[in-house]
Amino acid sequence: MDNNIVELVGILSNDFELDHESKTESFFKNTVLTKRYSGTVDKVNILVPKNKIGTLHKGDKVEIKGHFYSKDVQEHLVLYVYVKDITLLSDEFFLNKNDIILQGFVCKPSVYRETPLGRTICDVYLAVNRQSGRNDYIPCVAWGKIARQLKDVKVGTLIKIKGRVQSREYIKNEQPHTVYEVSIMEVL
């Protein structure tokens, strides 16, 4: 599946917790903390089959390869990296990494605007096909030149992007919330 590739290097923020079980397998959730060049830390949700966890625990430095998926939970879009491979890293090989490549169809009109400080931003929603025939719906955001490039993209257009999985927090009605999205660094 070269239309949905994620590679992360970061630190496990928790011990693994059971997410759900299928007839044949158990799946566990966790969060990987990965640092941007700016120093900001992104929290990336991961879902891992039990047989991939081994002896990994909170605080371990790991390298992850997988796919970025979405699911609807009580009318909320939940985004996570489905882990295909996870490897424990030693300190000498640890450098933060957060890379994603997605190819999908624009499934909503893009939203282009300017921030109060005059920066341009464009929100794009991608439908990314899985091999199973299911679609993942991924919110993406672009800034500056890339935002201007995507502002007039039509619904149904196939695009391929490279970027990072990012999280940002905000307060609404005195409750903390976290938004997950893909920050577009390049249109391929």
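Presented here is a report on the structure given in the accompanying data block. The residue count restarts for each chain, going from 1 along the sequence in the order it is written. The predicted origin of the model limits local features to residues at a pLDDT of at least 70 and limits the giving and counting of side-chain atom pairs to 80 or more, whereas totals for whole chains, interfaces and linings rest on all residues. Hydrogens and waters are ignored; side-chain quantities use all the structure's heavy atoms.

Some details on the overall build of the protein chain
Link 1 in the chain: Summing up its helical and strand segments, the protein chain has one helix and twelve strands in all.
Link 2 in the chain: When we talk radius of gyration, it's over C-alpha atoms, and the globule rule is simply 2.2 Å times the number of residues to the 0.38. What you see for the protein chain is a C-alpha radius of gyration of 17 Å, in line with the 16 Å of a compact globule of 188 residues.
Link 3 in the chain: Evaluated residue by residue, the protein chain yields a buried proportion of 40% over its 188 residues.
Link 4 in the chain: In what follows, a contact means two residues having at least one pair of non-hydrogen atoms within 4.5 Å. The long-range fraction of contacts in the protein chain, counting pairs at least 24 apart against all pairs at least 6 apart in sequence, stands at 58%.
Link 5 in the chain: Roughly 11100 Å² of accessible area belongs to the protein chain as shown, and the carbon and sulfur atoms make up 49% of that amount.
Link 6 in the chain: Within the protein chain, the 24 negative side-chain charges are centred at a point lying 4 Å from the centre of the 27 positive side-chain charges. A helix here means a DSSP run of H or I that spans at least four residues, while a strand means a run of E at least two residues long, and both kinds are numbered starting from the N terminus. For every residue, the accessible area (1.4 Å probe, protein chains only) is compared with the maximum for its type, and the residue is labelled buried under 20%, exposed over 50%, or partly exposed between those bounds. Note on areas: these come from Shrake-Rupley sampling with a 1.4 Å probe, and a residue is covered only by the protein chains present in the view. Charged residues are defined here as Lys and Arg on the positive side and Asp and Glu on the negative side; His and the ends of the chain fall outside this count. The atoms used to mark charge sites are NZ of Lys, CZ of Arg, CG of Asp and CD of Glu.

Regarding the nonpolar core
Link 1 in the chain: Residues belong to one nonpolar core when they are buried, are Ala, Val, Leu, Ile, Met, Phe, Trp, Tyr or Cys, and are joined through side-chain atoms within 4.5 Å. Ranked by internal contacts, the top residues of the largest apolar core, which has 38 residues, are Phe16, Ile46, Ile64, Phe68 and Leu126.
Link 2 in the chain: Once you skip the residues sitting within four places of it in the chain, Phe16 turns out to touch Phe28, Lys29, Asn30, Ile46, Val48, Ile53, Leu56 and Ile86.
Link 3 in the chain: Core analysis: the next-biggest nonpolar cluster, separate from the first, contains five residues, Phe27, Leu47, Tyr69 and Tyr82 among them.

Some words on the side chain of Ser110
Link 1 in the chain: Secondary-structure assignment places Ser110 in the loop between strand 7 (97–106) and strand 8 (111–114).
Link 2 in the chain: Polar contact is defined as a pair of N or O atoms within 3.5 Å, subject to the rule that within protein one atom must be able to donate a hydrogen and the other to accept it, and that residues adjacent in sequence are counted only when both atoms are side-chain atoms. Within polar-contact distance, the side chain of Ser110 engages the backbone oxygen of Lys151 at 2.8 Å.
Link 3 in the chain: In contact with Ser110, other than residues within four places in its own chain, are Cys122, Asp123, Val124, Leu150, Lys151, Asp152 and Val153.

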